[in-house]
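An overview of the molecular structure
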Amino acid sequence: MAEPLAPRDVVRSGLCIGCGGCAADVPAGAMAWDRYGTWKPAGAFAATASDEFARCCPFSPHARDEDVIAAERFPAAPRSTPLLGRHESTWVGHVAEGAWRESGSSGGMVSWVAAELLRTGAVDAVAHVAPVAAPQEDGRHFAYRLSRDAESLLTGAKSRYYPVELSAMLRAIRATPGRYAIVAVPCFAKMIQLERARDPVLRERVPHVLGLFCGHQKSARLVDSFAWQLGAPPERVRAVDYRIKDAGRPANWYRAHLTLDDGSARAEDWWHLADGDWGAGFFQNSACDMCDDVVAETADVAFGDAWVEPYSSDGRGTNVVVARTPLVDGLIRAAVADGRLMLEEVDAAFVEATQAAGFRHRREGLAYRLTWRRWRGGVAKRKRVAPDARALPLRRRLVYRTRAGIARWSHRLAWLSARTGMPGLYLRWARPVLAMYRALAWSHGRLGGWIDRALPDARRQ
């Protein structure tokens, strides 16, 4: 029997990702925004400890880890690697039919597979993240919704670097018979599989989980920061596009786009924003620093961007895909044979190379973070990576320390800026901090040259 835990214990230990699984499990469960723009369990239920919660929270030390879940979920998978987990096949390419590629952030494969499950009758509806119609009234820009046809799926395509939670969606699925697929980041996918294992209703009604590769989860404050830098009050923002697609520009040249209440638009390349380097960790959820799953190892299929050449320079977008079940593998192979998908089968090493930076942060970086004093208290941190700081050169340790500091202080200063109505408090801190990080991690500028001479460790993002 697991040692009882309460949601509040996980929150206080910095391990709550805000998935909403705990709130969906009890009648009085609720999720609410915290002051930093992340979802947290709210109300009296959050203080109630139980062994059931300890077994189902994705960051609980008493929950089954990704290796155990995958072994139960995909026992016959013919391939497995320490980084990708169990799988049937691995692919790179894009959707050739319809508007799937043009409508998505990368190659269109996430929405295409979801639509194919609907078309073939494998599911009746797909739960995925989409823009809300009235964000200022709703209190958020994005939320999970159900789509039952391809047209509805298309309106929810593209990447959403925004916190969402699943409590209302899980309640709806439990209340309404049918077969559902859920699109989820790795920690959410793990929670769903843990819930499926204990709940026969979810086990029957959620036969498929579609996973997204994940670097980390951002807070809602990132939208505020975009608005501040683009000269718009955050309360006037009606729509957010984190990655405007342009076939004439490399896929990894992100461009943020805001639509305001008067219909006007503001846009800027991420590279010119004060917090525009993804890997620096601005607004990262603290739980992400204790995650060791990049590629949704517990999902039936997982999708990422092909961040290697020549694909990263193709502005039309390209996916890498990890198929973990025979059903998904069969759907892909049949569509490739029919010319509906332009995919090439590749080996696991190719897919791993496309996510090299993420794996470093979640494996060698995690091993180092597990040795830090700030992570020693509260709920135990049981990961598939052992604590280890000995193998890392000083420069790499400084990179990981800097990322953690940026994550922590970006939350605090952005909250203070929003509270006081003084965006400059955050922005005047963020710009020099980002310059320092780029010098340390990328050798940018004069400071980067000085760091190269003082700390000539190999530079790796």
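Residues numbered from 1 in each chain as written. Predicted model: local features only at pLDDT ≥ 70, side-chain atom pairs only at ≥ 80, totals over all residues. Heavy atoms only, no water.

What follows deals with the overall build of the chain. What the chain contains, in helices and strands, is 19 helices and 15 strands. The C-alpha atoms of the chain give a radius of gyration of 21 Å, which matches the 23 Å a tight globule of 461 residues would have. Along the longest, intermediate and shortest principal axes, the C-alpha atoms of the chain span 60 × 55 × 50 Å. The proportion of buried residues among the 461 residues of the chain is 57%. If you take every contact in the chain between residues at least 6 apart in sequence, the share linking residues at least 24 apart comes to 71%. Taken as two groups, the 64 positive and 51 negative side-chain charges of the chain have centres that lie 7 Å from each other. (Helix = DSSP H or I, 4+ residues; strand = E, 2+ residues; numbered from the N terminus. Rg over C-alpha atoms; globule rule 2.2 N^0.38 Å. Buried < 20%, exposed > 50% of the residue type's maximum accessible area, 1.4 Å probe, protein only. Contact = heavy atoms within 4.5 Å. Lys, Arg positive; Asp, Glu negative; His and termini not counted. Charge placed at Lys NZ, Arg CZ, Asp CG, Glu CD.)

Moving on, we come to the sheet that holds strand 12 (residues 265-269). The strand order 10-11-12 describes an open sheet built from three strands, whose pairing is antiparallel. Looking at the sheet topology across the chains shown, the edges are occupied by strand 10 (237-241) and strand 12. The mean angle between the axes of side-by-side strands here comes to 15°, regardless of whether they run parallel or antiparallel. Note: strand 11 (residues 255-260) against strand 12, five bridges, orientation antiparallel. The partner of Leu258 across the bridge, within strand 12, is Arg266. (Pairing = 2+ DSSP bridges. Axes fitted to C-alpha atoms, helices over the stretch in contact; angles between N-to-C directions.)

Once that is clear, we can look at the pattern of salt bridges. Across all of its chains, the model carries 38 salt bridges by this definition. Among the ionic pairs, Arg73 bridges to Asp300, the shortest N-O distance being 3.0 Å. Separated by 227 residues along the polypeptide, Arg73 in helix 4 (residues 66-73) and Asp300 in the loop between strand 12 and strand 13 (301-305) bring together distant segments of the chain. Under the relative-accessibility criterion, Asp300 is labelled buried at 2%. What you see here is one network of salt bridges that share partners, running through Glu66, Asp67, Lys190, Asp292, Glu297, Arg363 and Arg384. (Salt bridge = Lys/Arg side-chain N within 4 Å of Asp/Glu carboxyl O.)

This paragraph deals with the nonpolar core. Side chains of a nonpolar character, in soluble globular proteins, are inclined to be buried together. Judged by nonpolar contacts, the single largest core of 107 residues is most densely connected at Phe59, Tyr144, Leu166, Ile182, Phe188, Tyr242 and Tyr426. When residues of this core are assigned to their parent elements, the largest contribution, nine residues, is made by helix 18 (residues 424-442). Of all hydrophobic cores here, the second largest spans 27 residues; its members include Met109, Trp112, Val126 and Val183. (Core = buried A, V, L, I, M, F, W, Y, C linked by side-chain atoms within 4.5 Å.)

Spatially, 7-6-8-9-13-14-5-15 is the arrangement adopted by the eight strands of the open sheet, whose pairing is mixed. The two strands at the open ends of the sheet, each matched to only one other strand, are strand 7 (142-147) and strand 15 (341-345). Strand-to-strand, the axes of this sheet are offset by a mean angle of 25°, without reference to chain direction. Summarising the sheet, strand 5 (residues 89-95) and strand 15 pair through five bridges and their orientation is antiparallel. Its bridge partner lying in strand 15, Val92 is registered against Glu344.

Mapped onto the elements of the fold, Ala115 is located in helix 6 (residues 109-119). It is 8.6 Å that separates the C-alpha atoms of Ala115 and Arg148, two residues lying 33 residues apart in sequence. Beyond its immediate chain neighbours, meaning those up to four positions away, Ala115 contacts Trp100, Ala150 and Leu153.

Attention now goes to the pairing of strand 14 (residues 319-323). The element strand 14 is largely enclosed, with a buried count of five among its five residues. Where burial is concerned, the two faces of strand 14 agree: the one with Asn319, Val321 and Ala323 and the one with Val320 and Val322 are both buried. Sheet analysis places strand 5 next to strand 14, joined by five bridges and oriented antiparallel. Paired with Gly93 across the strands is Asn319, a residue of strand 14. One ladder, built from five bridges, connects strand 13 with strand 14; its direction is antiparallel. Looking at strand 14, one finds that Phe303 is bridged to Val321.

A few words on the side chain of Thr325. Assignment of secondary structure puts Thr325 in the loop between strand 14 and helix 13 (326-337). The buried category is assigned to Thr325, whose relative accessible area is 12%. Apart from residues lying up to four places away in sequence, Thr325 is in contact with Phe74, Glu88 and Asp300.

Okay, the packing of helix 18 against helix 19 (residues 445-454) next. Each pair of packed helices gets described by two things: the angle between the helix axes and the distance between those axes. Taken N-terminus to C-terminus, the directions of helix 18 and helix 19 make an angle of 40°; their axes are 8 Å apart at the nearest point. In this view, helix 18 runs oblique relative to helix 19, as classed from their interaxial angle. Between helix 18 and helix 19 the crossing geometry is right-handed. Contacts between helix 18 and helix 19 involve Met436, Ala439 and Leu440 from the first element and Leu447, Gly448 and Ile451 from the second. A breakdown of the residues in the contact of helix 18 with helix 19 according to their chemical character gives five nonpolar, one polar and no charged. (Parallel < 35°, antiparallel > 145°, perpendicular 65-115°, else oblique. Left-handed = near helix turned anticlockwise from the far one by under 90°. Nonpolar A, V, L, I, M, F, W, Y, C, P; charged D, E, K, R; others polar.)

The next thing to look at is helix 9 (residues 167-175). An α-helical turn contains 3.6 residues, so any two residues separated by three or four positions project in the same direction. Within helix 9, burial applies to Ser167, Met169, Leu170 and Ile173. Seen along its axis, helix 9 keeps its buried residues to an arc of 165°; they face one direction. Exposed side of helix 9, more than 90 degrees from the buried face: Ala168 and Ala175 are the residues found there. (Arc of directions from axis to C-beta.)

Attention now moves to the packing of aromatic side chains. Taken as a whole and assessed by the stated rule, the structure comprises 19 aromatic pairs. Consider the rings of Tyr161 and Tyr254, whose centres lie 6.2 Å apart with planes at 10°: the pair is stacked. On the criterion of sequence distance, the pair formed by Tyr161 in the loop between helix 8 (150-155) and helix 9 and Tyr254 in the loop between strand 10 and strand 11 is long-range, its members being 93 residues apart. For Tyr161, a relative accessible area of 15% corresponds to the buried category. Look at Tyr254 and you get buried, because its relative accessible area is 16%. Between the aromatic rings of Tyr426 and Trp429, the centroid separation amounts to 6.0 Å while the plane-to-plane angle is 45°, which identifies the pairing as tilted. Taken as a pair, Tyr426 and Trp429 lie in helix 18 at a separation of three residues, close to a single helical turn. (Phe/Tyr/Trp six-rings, centres within 6.5 Å; stacked < 30°, edge-to-face > 60°.)

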